[in-house]
Each structure stands twice: as structure tokens, then as C-alpha cells.
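Spelled out from the first residue to the last, the chains are:
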Amino acid sequence: MARYIGNPDEQSCEFALTVADDWQKKGLGSQLMLRLISIARDRGLLVMEGDVLAQNTRMLRLCTALGFHTLHENEDREVVIVRRQLQPDQCSG
Ligand SMILES: CC(C)(COP(=O)(O)OP(=O)(O)OC[C@H]1O[C@@H](n2cnc3c(N)ncnc32)[C@H](O)[C@@H]1OP(=O)(O)O)[C@@H](O)C(=O)NCCC(=O)NCCS
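Cut-offs used in this document
- Residues numbered from 1 in each chain as written.
- Predicted model: local features only at pLDDT ≥ 70, side-chain atom pairs only at ≥ 80, totals over all residues.
- Heavy atoms only, no water.
- Near = heavy atom within 4 Å.
- Polar contact = N/O pair within 3.5 Å; in protein donor to acceptor, adjacent residues only side chain to side chain.
- Areas by Shrake-Rupley, 256 points an atom, 1.4 Å probe, with all protein chains shown as cover.
- Helix = DSSP H or I, 4+ residues; strand = E, 2+ residues; numbered from the N terminus.
- Nonpolar A, V, L, I, M, F, W, Y, C, P; charged D, E, K, R; others polar.

Peer 1: Teacher, can you tell me more about the site of the ligand here?
Peer 2: Neighbouring residues of the ligand: 17 residues in total, closest Leu17, Val19, Gly27, Ser30 and Asn56. At 2.7 Å from an oxygen atom of the ligand is found a main-chain nitrogen or oxygen belonging to glycine 27. When the ligand is considered free in solution it has 950 Å² of accessible area, and contact with the protein chains removes 64% of it. At the level of elements, helix H1 (28-42), strand E3 (47-53) and helix H2 (57-65) are the ones that each hand at least two residues to the shell around the ligand. Ranked by residue count, the leading element in the shell around the ligand is H2, at 4 residues. Of the residues in the shell around the ligand, the class split is 6 nonpolar, 6 polar and 5 charged.

Laid out in C-alpha cells, this is it:
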């Protein structure tokens with residue numbers, strides 16, 4: 001399951017991703033995220049972000065490999081925010 005929900009600012013969105021246990025480690029999570037990024041970009045959104053548990057190293061590796069930056073804006077140190085610019089002409093950050 002991969003989906004995003006648009007934020008009220010109409011420029012950013014938040015993703016959710018889950019791959020059933022038997023189907024993990026086959027590249028599906030990465031492919032679903034790439035598809036999600038592509039759809040959000042085509043719809044003109046500028047930023048995709050998500051909350052990931054700090055201990056979820058697999059998801060953090062996946063996100064980093066797909067160009068997400070990790071941020072610790074949240075007071076809750078158990079949760080890491082991952083954020084990615086979607087449009088090619090955007091400055092990084
Ligand atoms: C995190 C999650 C979405 C990853 O999904 P996935 O389909 O397993 O992701 P991928 O297969 O693309 O990548 C996972 C690993 O498999 C490896 N892999 C990919 N294809 C492979 C293949 N053909 N053979 C062997 N390994 C492979 C990747 O290199 C990656 O390795 P790493 O963890 O050492 O970096 C999945 O583990 C999950 O649903 N977890 C529970 C829910 C969750 O945590 N969701 C995220 C909440 S923010």
C-alpha cells in the first residue's frame with residue numbers, strides 16, 4: 001500500500017507505505033515510492049514528507065536512497081521526519 005494525502009497548503013503531501021511481510025525485500029517498497037513521487041510531481045506538488053520511527057532503519061535507508069533528507073524537527077526523538085523536494089528546478093532543502 002502506498003498513498004499520499006495532500007496537506008492544506010496545497011503544495012506538500014504526506015506519504016504512507018506498507019509492503020506485506022511475504023513481499024518485502026524484493027524492491028516493491030522502492031518502486032511504490034518512486035511511483036508515488038512521480039504522481040505527486042505530475043500533479044504539481046512541491047514537497048513530499050513522512051514520519052518514520054527512528055528505529056525503522058530499513059525505511060530510513062529506502063527514503064535516503066530515493067533522495068529524502070532526514071530532519072529532527074519534532075520534539076519526539078523516536079520519530080524522524082523525512083522530506084523530499086519533488087520538482088527538478090527546486091533548490092534543495
Ligand atoms: C519499509 C518497507 C516499506 C520496505 O519495503 P520493501 O518492499 O521491503 O522495500 P525494498 O524491497 O525496496 O527494499 C528493502 C531492502 O530489500 C533490498 N532488496 C530489494 N530488492 C531485493 C532483491 N531482489 N533481493 C534482495 N534484496 C532486495 C533492498 O536493497 C533493501 O535492503 P536494505 O534494507 O538492506 O537497504 C517494509 O519493510 C514495510 O512495509 N515495513 C513495515 C511498515 C513500515 O515500516 N512502513 C513505513 C512507515 S513510515
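Alright, that's what it looks like, and here's the rest.
Peer 1: Got a minute to help me understand the environment of lysine 26 in this structure?
Peer 2: With respect to the element layout, lysine 26 can be found in the loop between strand E2 (12-17) and H1. As for lysine 26 and glycine 50, which are separated by 24 residues in sequence, their C-alpha atoms are 22 Å apart.

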